[in-house]
Amino acid sequence: MNIIDELSWRGLINQQSDEKGLRDLVDSKDISLYCGMDPTGDSMHIGHLLPFMTLERFGKFGHHPYIVIGGATGSIGDPSGKKAERPMQTMDQVNHNVKALSDQANKIFSGFTMVNNYDWTHQIGILDFLRDYGKLFNVNTMLNKEIISSRLEAGISFTEFTYQILQSLDFLTLYREHNVQLQVGGGDQWGNLTAGLDLIHKAEGADAKVYALTIPLLLKSDGTKFGKTAGGAVWLDPEKTSPYEFYQFWFNQDDKDVVNLLKKFTFLSREEIDALEESVKTAPEKRLAQKTLAQEVTKFVHGEEALKTAEKITDVLFSGEIQELTTAEVAEAFHGVPSEEIENAPINLVDLLIATNVDKSKRQAREDIQNGAIRINGEKLTDTTLEIDPKDSFDGKYIVIRRGKKKYFLAKIK
Ligand SMILES: N[C@@H](Cc1ccc(O)cc1)C(=O)O
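What you are looking at is a predicted structure, and each value in this text was computed from that prediction instead of being measured. (Residues numbered from 1 in each chain as written. Predicted model: local features only at pLDDT ≥ 70, side-chain atom pairs only at ≥ 80, totals over all residues. Heavy atoms only, no water.)

Section: the sheet that holds strand β11 (residues 379-380)
Which entries qualify depends on this criterion: One requirement defines pairing of two strands: DSSP has to find at least two bridges between them. A run of DSSP states H or I qualifies as a helix once it reaches four residues; a run of E qualifies as a strand once it reaches two. Both are numbered from the N-terminal end.
Taken in spatial order, the five strands of this open sheet run β8-β14-β13-β10-β11, and their pairing is mixed. The two strands at the open ends of the sheet, each matched to only one other strand, are β8 (339-342) and β11. Alignment of strand β10 (residues 374-376) against strand β13 (residues 398-403), held across three bridges, turns out to be antiparallel. From the neighbouring strand, Arg-375 faces β13, where its bridge partner is Arg-402.

Quick notes on the domain arrangement of the protein chain
Just so we agree on the cut-off: As annotated, the domain borders come from an automatic or database domain assignment.
When the domains of the protein chain are assigned, the result is domain 1 (3-214), domain 2 (228-319) and domain 3 (339-413). For domain 1 and domain 3, the distance between their C-alpha centroids amounts to 53 Å.

Side note on a negative patch on the surface
As a reminder, the rule being used: For patch building, the residue pool is restricted to those with more than 30% relative accessible area and no salt bridge; the joining distance is 9 Å between like charges and 5 Å between nonpolar side chains (Val, Leu, Ile, Met, Phe, Trp, Tyr). Reported accessibility uses the Shrake-Rupley method at a 1.4 Å probe radius. Residues are deemed covered only where the shown protein chains occlude them. Take a side-chain nitrogen of Lys or Arg and a carboxyl oxygen of Asp or Glu: if they are within 4 Å of each other, that pair is a salt bridge. Counted as positive: Lys and Arg. Counted as negative: Asp and Glu, with His and the chain ends omitted from the count. Charged groups are reduced to one reference atom each: NZ for lysine, CZ for arginine, CG for aspartic acid, CD for glutamic acid. The cut-offs for exposure are 20% and 50% of the maximum accessible area for each residue type, with area from a 1.4 Å probe on protein chains only; residues under the lower value are buried, those over the upper are exposed, and the others partly exposed.
Together, Glu-271, Glu-272, Asp-274 and Glu-278 make up a region of like negative charge exposed at the surface. A relative accessible area of 59% places Glu-271 in the exposed class.

Considerations on the sheet that holds strand β2 (residues 64-69)
Filter applied, for reference: In this analysis an axis means a line fitted to C-alpha atoms, helices contributing only their contacting stretch, and an angle means the value between N-to-C directions, from 0 to 180 degrees. We call two residues contacting when some pair of their heavy atoms lies within 4.5 Å.
Here we have five strands laid out as an open sheet, ordered β3-β2-β1-β4-β5, and parallel in their pairing. The sheet terminates laterally at β3 (113-116) and β5 (211-214), the two strands that pair on one side only. On average, each strand axis in the sheet is inclined to that of its neighbour by 25°, with strand direction left out of account. Bridging between strand β4 (residues 180-185) and β5 involves four bridges; their strand directions are parallel. Bridging from a neighbouring strand, Gln-183 pairs with Ala-212 of β5. Contacting β4 and β5, helix α2 (residues 19-28) runs over the sheet at an angle of about 105° to β5. Its contacts with the sheet place helix α3 (residues 46-60) against β1 (32-37), β2 and β4, and it is angled at close to 165° to β1.

Thoughts on the side chain of Thr-356
Using the following cut-off: Identification of polar contacts relies on pairs of N or O atoms within 3.5 Å, with a donor-acceptor requirement for protein atoms, meaning one able to donate a hydrogen and the other able to accept it, and with residues adjacent in sequence counted only if both atoms are side-chain atoms.
Within the secondary structure, Thr-356 sits in the loop between α18 (349-355) and α19 (362-370). From its side chain, Thr-356 meets the backbone oxygen of Leu-352 in a polar contact 2.6 Å long. Not counting the four nearest positions on each side in its chain, Thr-356 is found in contact with Glu-340, Ile-342, Ile-401, Phe-409 and Ala-411.

Focus: the site of the ligand
Quick note on the threshold: If a single non-hydrogen atom of a residue is within 4 Å of a molecule or strand, that residue counts as near it. Only Asp, Glu, Lys and Arg are considered charged, only Ala, Val, Leu, Ile, Met, Phe, Trp, Tyr, Cys and Pro nonpolar, and every remaining residue, Gly among them, polar.
By nearness alone, 13 residues border the ligand, and Tyr-34, Asp-78, Tyr-163, Gln-167 and Asp-170 come closest of all. Residue Asp-78 places a side-chain N or O atom 2.7 Å away from a nitrogen atom belonging to the ligand. Taking Asp-170, its side chain carries an N or O atom lying 2.5 Å from an oxygen atom of the ligand. Coverage of the ligand by the protein amounts to 86% of the 340 Å² it exposes when considered alone. At the level of secondary structure, the elements contributing two or more residues to the shell around the ligand comprise β1 and α10 (163-178). Each residue belonging to the shell around the ligand can be placed in one class, and the counts come to three nonpolar, seven polar and three charged.

Considerations on the UniProt feature "binding site: ATP" (unreviewed entry) in the protein chain
Selection rule: UniProt positions are given in the numbering used here, feature names are shortened, and annotations may be inferred rather than shown by experiment.
Under the feature "binding site: ATP" (unreviewed entry), the UniProt entry names Lys-228. Relative to the elements of secondary structure, Lys-228 occurs in strand β6 (residues 228-229).

Quick word on the pairing of strand β14 (residues 407-413)
Within β14, five of the seven residues are buried, which leaves the element mostly enclosed by the surrounding structure. Both β8 and β14 contribute to a ladder of four bridges, which runs parallel. Residue pairing across strands places Glu-340 opposite Ala-411, the latter belonging to β14. Summarising the sheet, β13 and β14 pair through six bridges and their orientation is antiparallel. Pairing of Arg-403 across the sheet is with Lys-407, part of β14.

Describing unusual backbone geometry
Phi at Asn-179 takes a positive value of approximately 55°, unusual for a residue other than glycine. Inspection of the secondary structure puts Asn-179 in the loop between α10 and β4. Phi is positive for Asn-377, which is not a glycine, with a value near 45°. Along the chain, the position of Asn-377 falls in the loop between β10 and β11.

As structure tokens, this is what we get:
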């Protein structure tokens, strides 16, 4: 089994410029390949995992992946897949994001070389640009690409129109300097990838052996886009999406999607995934496939320790034994739940429920307490006259309130 068989079994191939050519190439030697990422924000999200994990898969087969971070292209803005012109970022923002994304990629992925396209782009003068590269691009061909034609009605600036030239220049530069022969991209990158192939064939000769491969856009079994939650994107930055939330995202995937996700987002073998697929059929209630998926991806992105914490929080929230959490774990576990700040002073239980919006009226609060529906830091309290002293609770920082079986609220102590 070569890398191409591996990718097609995992459903990671959308389009290819020359399937037979690429197969022969990877069978004949270890190749260099690349995928780029623009610094449009200061964190990757799970959408970035697919192309970069794909590079890592190539690496495991002995090939040499490069990641291009788009210090130049990110200052221009890729029109691919966008309905309207992108707001331009300041160079300060671009540089800040370049730094954040490179640090993050270095932490998560391994076995690649990282380069910044700013390095070979910023010193090209306008006349050289037009004479050396502009001349090799045919405007008709550019206009006919879906990335441009789909934007003509809404309008597109000359700046975004030239984006494909810059990305092509990256491919050419990497081909010349590191013999990079393959560019991998997301489902919306076909236009930019083929523009690069054309440029290399014109600049270096039609027999240059270069290839393009895109990864499919990921959809859930219900047809909606994968990776979005009610709270927005699922980020790889633990400050934006905590490892616990991250773990839960994967754990909560549907039976219909989980095998597909195991193939695409883990390095588990075919045998391991086949066994998990069987478990979805024979014992779906155990959610072994979802649990394994959550474990594997959380470990890959956040590491072993963070996975342990995420699993501990999951267990504690299931058992309700909140007092077993550390203060830091409380912060992580209840990152997304409704919270209110309260004064650092003893407070009557009924007043606490009002202050934290658990109940709307004192009457309702008293009823909830007397019915045994209220737990404070895991302990059921049924006496409406109780005083709660924040100082006894999680280093004086938080009080965790639960109403009913599942609804949590957090009081943050000032
Ligand atoms: N255009 C790519 C990022 C990229 C940038 C430079 C490249 O050379 C390649 C890819 C995207 O938006 O996803």
